[in-house]
Amino acid sequence: MKVLVIDDQELVLLPIEKRLTAMGYNVKVETNGIEGKKLFDSFNPDLVIIDINMPEISGLDIVEYIREEARSATPIMVLSGSVDDNNIIKGFELGINDYMKKPLSLNEICARTKHLIGAPQINKKEVTYSNRVIIQKRGVGVVIPCYNEEERLLKEEFLRFIDEYTGYYLCFVNDGSTDKTLEALERLKVGREDYITVYNCEQNGGKAEAVRQGMLYLSENKSLDYIGFLDADLSTDFNDFEDLVASIEGSDFKIVSGSRIQRMGANIAKDSARAIISMTINFIIRKILSMDFKDTQCGAKIFDKDVVQLLFGKKFMTKWLFDVEIFMRMRKKFTLAKAKQMISEMPLKRWVHVDGSKLSMKDSIKIVFQLGQIFFGYRGKTV
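This section reports on the structure supplied with the text. Going along each chain's sequence as written, the residues are numbered from 1 onward. pLDDT decides what is reported in this predicted model: residues at 70 or higher carry local features, side-chain atom pairs at 80 or more are listed and counted, and totals for whole chains, interfaces and linings draw on all residues regardless. Calculated side-chain values reflect all of the structure's heavy atoms, with hydrogen atoms and water omitted.

1. Overview of the pairing of strand E9 (residues 168–175)
Point 1. Think of it in three bands: residues with accessible area under 20% of the maximum for their type are buried, residues over 50% are exposed, and the middle band is partly exposed, with areas taken using a 1.4 Å probe on protein chains only. Per the convention used, a helix needs a DSSP run of H or I reaching at least four residues, while a strand needs a run of E reaching at least two, with both numbered from the N terminus. Of all eight residues in E9, eight are buried, a share of seventy percent or more.
Point 2. Alternating residues of E9 divide into Tyr168, Leu170, Phe172 and Asn174 and Tyr169, Cys171, Val173 and Asp175, and every residue in both groups is buried.
Point 3. With seven bridges joining them, strand E8 (residues 140–146) and E9 adopt parallel strand pairing. When the bridges of E9 are listed, Cys146 appears paired with Asn174.
Point 4. Considered for its hand, the β-α-β crossover made up of E8, helix H6 (residues 155–164) and E9 is right-handed.
Point 5. Two strands pair when backbone bridges link them, and E9 and strand E10 (residues 196–201) are joined in this way by six bridges, in the parallel orientation. Following the sheet pairing, Phe172 is matched in E10 by Val198.
Point 6. A crossover connection joins E9 to the parallel E10 through helix H7 (residues 181–188); in handedness this β-α-β unit is right-handed. Pairing between strands is defined by DSSP: at least two bridges between the two strands are required. Crossover handedness is defined by viewing with both strands directed away from the observer: a clockwise path from the first strand over the helix to the second marks the crossover as right-handed.

2. Some thoughts on the pattern of salt bridges
Point 1. By definition, a salt bridge exists where a carboxyl oxygen of Asp or Glu is found within 4 Å of a side-chain nitrogen of Lys or Arg. Across all of its chains, the model carries 16 salt bridges by this definition.
Point 2. Between Lys38 and Glu35 there is a salt bridge, with the nearest N and O atoms lying 3.5 Å from each other. Taken together, the residues Lys38 and Glu35, both in helix H2 (residues 33–43) and three residues apart, mark about one turn of the helix.
Point 3. Linking Asp306 and Lys254 is a salt bridge whose minimum nitrogen-to-oxygen distance equals 3.8 Å. One end of the pair, Asp306, is in the loop between strand E14 (301–304) and helix H11 (308–312); the other, Lys254, is in the loop between helix H9 (238–248) and strand E12 (255–259), and 52 residues separate them in sequence.

3. Some words on the state of the cysteines
Point 1. Here, a disulfide means two cysteine sulfur atoms that sit within 2.5 Å of each other. Taken as a whole and judged by the stated rule, the model has zero disulfides.
Point 2. Looking at Cys171, it has no disulfide partner, and the nearest cysteine sulfur is the one in Cys201, 9.0 Å off.

4. Remarks on the packing of H2 against helix H3 (residues 59–69)
Point 1. The N-to-C vectors of H2 and H3 enclose an angle of 25°; their axes lie 10 Å apart at closest approach. When the interaxial angle is binned, H2 and H3 end up roughly parallel. Seen along the crossing, H2 lies across H3 with a hand that is right-handed. Residues Gly33, Lys37, Phe40 and Asp41 of H2 form the contact with H3, whose own contacting residues are Ile62, Tyr65 and Ile66. Between N-to-C directions, angles cover 0 to 180 degrees, with each direction set by a line fitted to C-alpha atoms, over the stretch in contact for helices. Working rule for angles: under 35 degrees goes down as roughly parallel, over 145 as roughly antiparallel, 65 to 115 as roughly perpendicular, anything else as oblique. Helix crossings are classified by the rotation of the near helix relative to the far one: an anticlockwise turn of less than a right angle makes the crossing left-handed, while a clockwise turn makes it right-handed. Residue contacts are counted whenever heavy atoms from the two residues lie within 4.5 Å of one another.

5. A closer look at the packing of H3 against helix H4 (residues 85–94)
Point 1. Contact pair H3 / H4: the axes reach a minimum separation of 9 Å and the direction vectors enclose 10°. In terms of orientation, H3 and H4 fall into the roughly parallel class. Here H3 contributes Leu60, Val63, Glu64 and Arg67 to the contact with H4, which in turn contributes Asn87, Lys90, Gly91 and Leu94.
Point 2. Residues are sorted three ways: Asp, Glu, Lys and Arg are charged, Ala, Val, Leu, Ile, Met, Phe, Trp, Tyr, Cys and Pro are nonpolar, and all the rest, Gly among them, are polar. Residue composition of the contact of H3 with H4, by class: three nonpolar, two polar and three charged.

6. Concerning helix H1 (residues 10–22)
Point 1. Helix length check: H1, at 13 residues, gives a terminal C-alpha distance of 18 Å against a target of 18 Å (1.5 Å per residue), a fit within 8%.
Point 2. Within H1, burial applies to Leu11, Val12, Leu13, Leu14, Pro15, Ile16, Arg19 and Leu20.
Point 3. Immediately downstream of H1, the backbone of Gly24 shows phi near 110°, a positive value. By this rule, a helix spans an expected 1.5 Å times one less than how many residues it contains.

7. Regarding H9
Point 1. Along H9, the positions that sit buried rather than exposed are Phe238, Asp240, Phe241, Glu242, Leu244, Val245 and Ile248.
Point 2. Any N or O atom pair separated by 3.5 Å or less is treated as a polar contact, with the protein-specific requirement of one donor-capable and one acceptor-capable atom, and with residues adjacent in sequence counted only for side-chain atom pairs. The N-cap residue of H9 is Asp237: its side-chain oxygen and the backbone nitrogen of Asn239 are 3.2 Å apart.
Point 3. Gly250 lies just past H9 and shows a positive phi near 70°.

8. Comments concerning unusual backbone geometry
Point 1. A cis geometry characterises the amide bond from Lys102 onward to Pro103, with omega recorded as -5°.
Point 2. Its place among the elements puts Pro103 in the loop between strand E5 (98–101) and strand E6 (104–105).
Point 3. The backbone phi angle of Leu234 is positive, close to 55°, even though this residue is not glycine.
Point 4. Within the secondary structure, Leu234 sits in the loop between strand E11 (226–229) and H9.
Point 5. For Leu234, a relative accessible area of 7% corresponds to the buried category.

In structure tokens form, the structure reads like this:
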């Protein structure tokens, strides 16, 4: 029993292909809609699973081709992130058999596949999987800078997330570690190379440069819509990062930044000395940016892919305050009023300071001097 899956998001295709193949189906996948039409003719599938929004040709155009030109009654299942009711109506008018909106459970896709065309005869043994595997409607790259994280790397947390949330691609950047961090990262990606990569910087350049290199590397990946970064210690966890991604999806924001503000219902744990220094620094930053930020330095941010080259193309002036430079570059490029409309600050539900973080109290004091460097360095500076 043959299944053809057409979706421009490779990160969406991979888990569907793997699961249906394990169930006994003969599966072929295609990221290009035009090539998908040709593959339909040559493969002669028993079921077509297709996305609507693709760059080369609309999925609905392929449905129309199958029904009108090829005159085929092959069952068609649409998986789409589109919330436009007109697409749903048009799809059924053209003759689709099922329509599901992303994000959705991979188990549901498998159940509906069996409902439409039955289970393969060769499937002697039913294979069970986690009920939490989710097919997303977008591709998200995440940069995780790592410096001497061999002992602190939360391997199980990263693997659990990547196994349950499709659509994510993790890029661990080894920032010239002097321990065995690189070896630990290489072991981490074994068996999950489609979702995890390791970018190695032979010399330590600091967090700013590690993040910059990782962001530029992921910007070359055509399957990604958004790219962000997250601290290796997961002081901000993946649940909150998912909220940041959900906030930028379908909005006009180009940046959504996490904020570690204290509020009821949130678990935001900072030691008192760091909290006082952070308040002082944030006051100075607000004056420099002329933006009412509560927390620019949170290590969890997500960006529309369109602005990554603009914001990360050039090296940053400072080691720790590259976040401030990012917002300054937005301001310089789009004007202050426009930048305020393109940047959103989202409170986190959880943030916990992890012992062993590389930013010391002495480093925090140096930040004040780096703020002055930014203030004078970006005056009249073009981006």
